[in-house]
Amino acid sequence: MGEGETKIKEMLLDKFAELFGDADGVKVYFAPGRVNLIGEHTDYNGGHVFPCALTIGTYAAARKRADKKLRFYSTNFEEIGVMESDVEDLKASKEAGWTNYPKGVMWAFSLRGMQMEKGLDMVIYGNIPNGSGLSSSASLEVLTGYLLRDLYGFSVTNVELAQIGQYSENNFNGCNCGIMDQFASAMGKKDNAIFLNTADLSYEYAPLALEGAKIIVTNSKVKHNLVDSKYNERRSECEQALKELQTVVNIDGLGDLTEEQFEANQSVIADDIRRKRAKHAVYENQRTLRAVEALKNNELALFGKLMNESHISLRDDYEVSCEEIDVLVEEAWKVEGVIGSRITGGGFGGCTVSLVKDEAVAEFQEKVGAAYRERFDIQADFYVVEIGDGPRTL
Ligand code: GLA
């Protein structure tokens, strides 16, 4: 545990004692956020993704109670104060704010026959900027599942923690997300990206020993909210296009098609917009397969080129970028030593991910930062990414 984490743990225990009397027997847990290197908007289309867990995420100090009460507090939303609920009353509501995430996970556990007989007190702290596309919500879901397993002795694997998190986000919180974020958080492995086939959840770890290069996440500070954004609309456009394609080809998802098969059959999709959406899903999946291959062969330049193509497709065909993000990416492309750069995550704001040669890291931050400030009067944040492990007890 690094010095930073020791401080976070102390802070959470102090807060817990201040709010709930004492911190006897309280345990502290962590679950990471994620950044996706390539394979965007493929995870609900039966395609492949290539994310990795970050070393930033969400922490919780938690302890079981003797009664059925639930008490939640977030040091990120101090103005909200302690929020109360009850294990017998797990319903989503607007007033419940961020606590809808842990409550949704508790609800999803109960649907699987894992009922909390007793309540709990929980204080959380997160160091992922909210709405930045680095999966603060998935990390909170996985964290909740992980601590419930520990405190209540529920028998679930980490893959199931990811599935429960996704289920609760879909059915309790109203975002029809795929499995990528929760999977990356629950299954993260230090210094590795996860090559996941979302059609059957088979996966493989890929060591990311990037010789002479760094992964840099740039936060546009344009916040997205996937519940209100066009995320769900994209998902239904793809589902509709899939139905049209299924009248002529025998497939379960858009991820089953090669580019050639798509081109040969795309005319059955009756609408131009839907055709563009499906095209992105098919091409992005194939790009992801190639990118992972390129990485295995140590062909970083090819990996970067595929990242750039991914951005163009997300911008033009899938239309989930925005002006600010496009500027960050286009400015990055201009810097010598940038191997690749693209939007990452759900889109409509959030972050970009760039692969940058060591010697160009300083120049990259300077030039991209200055151009962005000049254009939008916003100070972008840069993080040199460290790839971390999945959830753990501190
Ligand atoms: C969000 C969703 C994921 C995935 C990405 C886009 O992060 O939660 O399931 O669909 O968008 O790749």
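Caption draft 1: Region of the structure containing the site of the ligand. Around the ligand, the surrounding shell holds 13 residues, and the nearest of these are Glu40, His41, Asp43, Asp181 and Tyr231. Within the side chain of Glu40, an N or O atom sits 2.6 Å from an oxygen atom of the ligand. Within the contact set of the ligand, an oxygen atom lies 2.6 Å away from a side-chain nitrogen or oxygen of Asp43. In isolation the ligand exposes 310 Å². Once the protein is present, 98% of that is buried. Its residues assigned to classes, the shell around the ligand comprises 5 nonpolar, 4 polar and 4 charged.

Caption draft 2: Representation of the pattern of salt bridges in the model. Counted by the stated rule, this structure contains 32 salt bridges. Put simply, Arg234 and Glu233 hold a salt bridge, and the shortest N to O gap is 3.5 Å. We classify Arg234 as buried; its relative accessible area is 4%. The class for Glu233 is partly exposed, based on a relative accessible area of 34%. Here the residues in one salt-bridge network are Lys230, Glu233, Arg234, Glu237, Lys276, Arg277 and Glu319, joined through shared partners.

Caption draft 3: Structural context of the pairing of strand 11 (residues 351-357). Burial analysis of strand 11 places 6 of its 7 residues in the buried class, which makes it a mostly covered element. Summarising the sheet, strand 9 (residues 213-219) and strand 11 pair through 7 bridges and their orientation is antiparallel. By the bridge assignment, Lys214 is partnered in strand 11 with Val356. Here strand 10 (residues 338-344) runs beside strand 11; their pairing, made up of 6 bridges, is antiparallel. Looking at the pairing, Ser341 lines up with Ser354 of strand 11. Once strand 10 ends, the chain turns through 6 residues before running back antiparallel as strand 11, passing Gly345 with a positive phi of about 90 degrees.

Caption draft 4: View of the packing of helix 3 (residues 136-152) against helix 4 (residues 158-171). Interaxial distance between helix 3 and helix 4 falls to 9 Å at its minimum, and their mutual angle equals 125 degrees. In terms of axis orientation, helix 3 runs oblique to helix 4. The handedness of the crossing between helix 3 and helix 4 comes out as right-handed. Of the residues in helix 4, those touching helix 3 at Ser137, Glu141, Gly145, Tyr146 and Arg149 are Asn158, Leu161, Gly165, Gln166, Ser168 and Glu169.

Caption draft 5: The arrangement of the packing of aromatic side chains in detail. Considering all chains together, one arrives at 17 aromatic pairs under this definition. Relative to Trp98, the ring of Phe72 lies with its centre 6.1 Å away and its plane at 80 degrees, an arrangement referred to as edge-to-face. In this pair, Phe72 is assigned in strand 4 (residues 69-74) and Trp98 in the loop between strand 5 (83-86) and helix 2 (100-111), connecting sequence segments 26 residues apart. When its relative accessible area of 9% is taken as the criterion, Trp98 is described as buried. Taken together, the ring pairs in this structure connect Phe30, Tyr59 and Tyr125 into an aromatic cluster.

Caption draft 6: The sheet that holds strand 7 (residues 192-197), seen in detail. Spatially, the 3 strands line up as an open sheet ordered 2-7-8, and their pairing is antiparallel. Two strands close off the open sheet at either side, each with one partner strand: strand 2 (48-49) and strand 8 (202-207). For strand 2 and strand 7, the ladder comprises 2 bridges, and the chain directions are antiparallel. Its bridge partner being in strand 7, Val49 is matched across the sheet by Leu196. In the packing of helix 5 (residues 180-187) onto the sheet, the strands contacted are strand 2, strand 7 and strand 8, and the crossing angle to strand 7 comes to about 135 degrees.

About the cut-offs
- Every chain begins its residue count from 1, and numbering advances along the sequence as written.
- Confidence filtering applies because this is a predicted model: local features only for residues at pLDDT of at least 70, side-chain atom pairs given and counted only at 80 or more, and all residues used for totals across whole chains, interfaces and linings.
- Working from all heavy atoms in the structure, the side-chain values ignore hydrogens and water.
- Whether a residue is near a molecule or strand is decided by its heavy atoms; if any one of them lies within 4 Å of it, the residue is near.
- Residues adjacent in sequence count toward polar contacts only when both atoms are side-chain atoms; beyond that, a polar contact is any pair of N or O atoms within 3.5 Å, and within protein one must be able to donate a hydrogen and the other to accept it.
- Surface accessibility in these figures is a Shrake-Rupley result with a 1.4 Å probe; residues are shielded only by whichever protein chains are displayed.
- Three classes are used, and their members are as follows: Ala, Val, Leu, Ile, Met, Phe, Trp, Tyr, Cys and Pro are nonpolar, Asp, Glu, Lys and Arg are charged, and the others, Gly among them, are polar.
- In what follows, salt bridge is the name for a side-chain nitrogen of Lys or Arg lying within 4 Å of a carboxyl oxygen of Asp or Glu.
- Note on exposure labels: buried denotes an accessible area under 20% of the residue type's maximum, exposed denotes more than 50%, and partly exposed covers the range between, all computed with a 1.4 Å probe on protein chains only.
- By the criteria applied, helices consist of DSSP H or I runs no shorter than four residues and strands consist of E runs no shorter than two, each listed in order from the N terminus.
- When DSSP finds at least two bridges between two strands, those strands are taken to pair.
- Under this scheme, a helix contributes an axis fitted over its contacting stretch, all axes are lines through C-alpha atoms, and angles between N-to-C directions fall in the 0 to 180 degree range.
- When describing relative orientation, an angle under 35 degrees is termed roughly parallel and one over 145 degrees roughly antiparallel, while 65 to 115 degrees is termed roughly perpendicular and anything else oblique.
- By definition, any crossing whose near helix is turned counterclockwise from its far helix by less than a right angle is left-handed, and any crossing with a clockwise turn is right-handed.
- Residue contacts follow a heavy-atom distance rule, with two residues in contact if any of their heavy atoms lie within 4.5 Å.
- Pairing of aromatic rings covers Phe, Tyr and the six-membered ring of Trp, with a centre-to-centre limit of 6.5 Å; geometry is then stacked below 30 degrees between planes, edge-to-face above 60, and tilted otherwise.

None of this, on its own, says anything about what the molecule does.
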